[in-house]
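The residues making up each chain are set out below.
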Amino acid sequence: MLTHSDLREMQTRSLKMQGWIRQQTFSPENVKTLRRFSSWEVSELILGLNQSTFRGKMAADPTLPAGKVEPDGRQRWFTLDEVNTLRRKLRPRGKSLMPTRPGGRAFRTAIANFKGGAGKSTVAQHFAHAAALDGYRVLCVDFDPQATLSHSMGLTDVSEERTVWGIMARDLIRETEAQNAAPRGAASGTALPRRSIPGSITDLGLQDLRIADFIQPTNWPTIDLIPSCANAAFVEFASAQYRHLNPEWSFFAAVSRFLDQLPDDQWDLIFFDCPPAIGYQSMNAVFAADMLYIPSGPGYWEYDSTTSFIGQLSEALEDLAHGFEDTLSAGKVTLPKAFHDVRFLLTRYEPGNDLHRAMQEAFGKVFGDKLAEHPIEMTRAVEQSGRFLSSIYEMDYRDMTRETWRRARASFDRAYAEFKATMLPHWQAVAAGQGTLPADKVAAKEEAEA
Ligand SMILES: Nc1ncnc2c1ncn2[C@@H]1O[C@H](COP(=O)(O)OP(=O)(O)OP(=O)(O)O)[C@@H](O)[C@H]1O
Ligand SMILES: [Mg+2]
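Since the structure is predicted, the reported quantities are computational estimates derived from the model, not experimental observations.

**Q** For this particular structure, what's the right way to read the sheet that holds strand 8 (residues 269–273)?
**A** Pairing between the strands of a sheet comes from backbone hydrogen bonds, and it takes one of two forms, parallel or antiparallel. Read from one edge of the open sheet, 7 strands run 6-7-5-8-4-9-10, paired in mixed fashion. Of all the strands in the sheet, just strand 6 (216–217) and strand 10 (341–346) have a single pairing partner and so form its edges. Bridge count for strand 5 (residues 138–142) against strand 7 (residues 223–226) is 4 bridges, and the pairing is parallel. Considered in strand 7, the bridge of V138 is made with I223. Taken strand by strand, helix 5 (residues 120–133) contacts strand 4 (107–111), strand 5, strand 7, strand 8, strand 9 (291–296) and strand 10, and its axis lies near 165 degrees from that of strand 8.

Structural data, given as structure tokens:
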């Protein structure tokens, strides 16, 4: 017979192996670092210039970052900071290389599906990296206590107070205080009952944490992360208890309220990696999202599961569409939740596989233009890079056949380019609809400036 102690013992052994794998991947100090990018990558794949134009520009201006020549090679290799300086300074034929950025706040995309292993974390990680290489400033939120995204971004030592759970518990305390202080429910005119939150929650001091306390830098200078950790797995149980403590608490809008307080101009794109479940964390992700991206493998069972996912999500959103009018009237979340777009993205797709092609056709018939045209292909390079917790963008192409690396990268590049083309008009709409700053945001801004 096996009990919890046997499971604990197995975990201890497994953690040792995890540590060993990280040592193979990360720097000797066990910190994940970002490699340099070659002048071939920087010119052709990142800035979209041909190599001779790039070399010409570099030769003409000695103030540009020169990169570093590796002892065994002829190419120059640049850090991402240097790449970003080049992006700001170079103006081929008078054209800026900076990516399009409508005004207003960052655009938020949730990568969600309750099917496990659908490719959510892989898509979140690769889109974040592709966006950073495209010149955007990225914030990721890991809603999954499996913490795949956090680990892949080099954050392995995370305390649970600094995760989405901390944001939710902080929101519960603040919202309850605000409700207790308000004499009447604004919409219906009926008084909200006074609720009290026990010391076991308020004593954690979460209500005093600042917004910035939840956001951590990663191994990419232009990607930040609100991480998760295994200890945050109890969020689902805790949230049920929190709802009991204050049934008027709009639990699903906690992260949305948090993100509404971020300064508009610090990040461009926000990606949410969701857990394989519909629960308190994924509902927070969905409610905070402007757009849903739903990855799915190309098999029948994945199709089946994706179908159930949208059914269950629809039901959950419908359930939450009523009953919170009193507590939400002052906020920016409106009910029912409406997305700017919902897209389906096939992952682990093999173009030569008849079944995959047939499933792509079936997805296309059902979802029409909501199915992304460019699936993410199944590639050994990603399988391999996943094993080392790295994206294809992080892997050095000299560590594998260049053709394998290029094919894999091209597949993610196409999927990202399609995501960007889909997203930009919606981002413009968000910016246009944002108008003037709401009072809570003005207050947060003043607090930050003081
Ligand atoms: N395009 C791809 N080619 C090869 N392998 C892939 C590809 N995409 C994902 N994988 C592999 O499939 C596995 C599952 O992917 P991933 O972790 O992204 O799924 P997930 O939906 O986030 O899973 P979970 O539901 O557990 O969070 C990983 O081992 C990953 O490396
Ligand atoms: Mg995942």
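That was the structure; now back to the text.
**Q** Looking at this structure, I do not really get the domain arrangement of the chain. What am I missing?
**A** Many analyses report the size of an interface as the accessible area lost when the parts associate. Taken domain by domain, the chain comprises domain 1 (37–94) and domain 2 (107–449). In this structure, domain 1 and domain 2 have C-alpha centres spaced 34 Å apart. Contact with domain 1, which involves 5 residues of that partner, is made by 5 residues of domain 2. Take the side of domain 1 that touches domain 2: its biggest share by element is 4 residues, from helix 4 (residues 80–89). Residue composition of the side of domain 1 that touches domain 2, grouped by class: 2 nonpolar, 1 polar and 2 charged.

**Q** Looking at this structure, how should I read the sheet that holds strand 1 (residues 37–38)?
**A** Judged by pairing direction, the sheet is antiparallel, and its 3 strands sit side by side in the order 1-3-2 without closing on themselves. Each having just a single partner strand, strand 1 and strand 2 (68–69) make up the two edges of the open sheet. One ladder, built from 2 bridges, connects strand 1 with strand 3 (residues 76–78); its direction is antiparallel. Opposite S38, over in strand 3, you have W77 as the bridge partner.

**Q** Could you clarify how one ought to interpret unusual backbone geometry in this entry?
**A** For residues besides glycine, phi is generally negative; the peptide bonds are generally trans as well. Residue L335 is joined to P336 through a cis peptide bond whose omega torsion reads -5 degrees. One non-glycine residue with positive phi stands out, namely R348, at about 50 degrees. Inspection of the secondary structure puts R348 in the loop between strand 10 and helix 14 (354–367).

**Q** Looking at this model, I keep getting lost on the packing of helix 7 (residues 164–181) against helix 9 (residues 235–245). Mind explaining?
**A** Helix packing for two helices is described by the angle between their axes and how far apart those axes are. The contact between helix 7 and helix 9 brings their axes to 11 Å, and the two run at 5 degrees. By the angle between their axes, helix 7 is roughly parallel relative to helix 9. Contacts between helix 7 and helix 9 involve V164, W165, M168 and L172 from the first element and V235, A238, S239 and Y242 from the second. A class-by-class count of the residues in the contact of helix 7 with helix 9 yields 7 nonpolar, 1 polar and no charged.

**Q** Explain the pairing of strand 9 to me, please; I cannot follow it from the model alone.
**A** Residues in a regular strand project their side chains so that they alternate between the two faces of the sheet. Most of strand 9 sits out of view: 6 of its 6 residues are buried. In strand 9, alternate side chains face the same way, and those of M291, Y293 and P295 on one face and L292, I294 and S296 on the other are all buried. One ladder, built from 3 bridges, connects strand 4 with strand 9; its direction is parallel. Looking at strand 9, one finds that T109 is bridged to M291.

**Q** Even after reading the chapter, I still don't get helix 7, so can you show me in this structure?
**A** The periodicity of an α-helix, 3.6 residues per turn, causes residues three or four positions apart to be oriented the same way. Taking 1.5 Å per residue, 18 residues should reach 26 Å; helix 7 reaches 25 Å between its end C-alpha atoms and fits that length. All buried positions along helix 7 are accounted for by V164, W165, G166, I167, M168, A169, R170, D171, L172, I173, E175 and T176. Contact partners of the buried residues in helix 7: strand 5, helix 8 (199–202), strand 7, helix 9, helix 10 (254–260) and helix 11 (280–288).

**Q** What should I look at first to understand the environment of P217 in this one?
**A** Structurally, the position occupied by P217 is in strand 6. Note: C-alpha distance between P217 and G433 (216 residues apart in sequence) is 30 Å.

**Q** Would you take a moment to explain the pairing of strand 7 for this structure?
**A** Along strand 7, one buried face is formed by I223 and L225 and the opposite face, lined by D224 and I226, is buried too. Pairing of strand 6 with strand 7 involves 2 bridges; the strand directions are antiparallel. Looking across to strand 7, one finds that Q216 is bridged to L225.

**Q** Can you help me understand the nonpolar core in this one?
**A** Buried together is how nonpolar side chains tend to be arranged in soluble globular proteins. Counting residues in hydrophobic clusters, the biggest one holds 95 residues, and the most contacted among them are V138, C140, V164, F271 and A285. The biggest single contributor to this core is helix 5, with 8 residues. With residues near it in sequence (within four places) discarded, F271 still touches T109, I111, A124, F127, A128, V138 and C140.

**Q** I would appreciate a short explanation of the environment of D399 in the present structure.
**A** In this fold, D399 is placed in the loop between helix 15 (380–387) and helix 16 (402–434). The exposure class assigned to D399 is partly exposed, which follows from the 13 C-beta atoms found within 10 Å. Through-space distance from the C-alpha of D399 to that of A233 is 36 Å; in sequence the pair is 166 residues apart.

**Q** How do you make sense of the environment of A124 when you look at a structure like this?
**A** Looking at where A124 falls in the secondary structure, it is placed in helix 5. For the pair A124 and I310, spaced 186 residues apart in the sequence, the C-alpha separation amounts to 19 Å. Not counting residues up to four positions away in its chain, the partners in contact with A124 are I111, C140, L149, F271 and D273.

What counts and what doesn't
Each chain carries its own residue numbering, running from 1 in the direction its sequence is written. Just so you know, chain letters begin at A and ligand numbers begin at 1, following the order they were written in. With the structure being a predicted model, the display of local features is reserved for residues of pLDDT at least 70 and the display and counting of side-chain atom pairs for 80 or more, all residues being used for whole-chain, interface and lining totals. Pairing between two strands is assigned when DSSP locates at least 2 bridges connecting them. Only DSSP runs of H or I covering at least 4 residues are called helices, and only runs of E covering at least 2 are called strands; the numbering of each starts at the N terminus. For the purpose of contact definition, each residue receives a C-beta atom placed from its backbone, and two residues are in contact when these atoms lie within 7 Å. Interaxial angles span 0 to 180 degrees and are taken between N-to-C directions of axes, which are lines fitted to C-alpha atoms, for helices over the stretch in contact. Annotation comment: domain bounds sourced from an automatic or database domain assignment. Gly is placed with the polar residues, together with every amino acid not listed as nonpolar (Ala, Val, Leu, Ile, Met, Phe, Trp, Tyr, Cys and Pro) or charged (Asp, Glu, Lys and Arg). The cut-offs work like this: below 35 degrees is roughly parallel, past 145 is roughly antiparallel, 65 to 115 is roughly perpendicular, and the gaps in between are oblique. Residue burial here comes from a neighbour count, namely the number of other C-beta atoms, placed from the backbone, that lie within 10 Å of the residue's own C-beta, with 20 or more meaning buried, 12 or fewer meaning exposed, and in between meaning partly exposed. A helix is expected to span 1.5 Å for every residue after the first. In this description, a nonpolar core means buried residues of the types Ala, Val, Leu, Ile, Met, Phe, Trp, Tyr and Cys, linked to one another by C-beta atoms lying within 7 Å.

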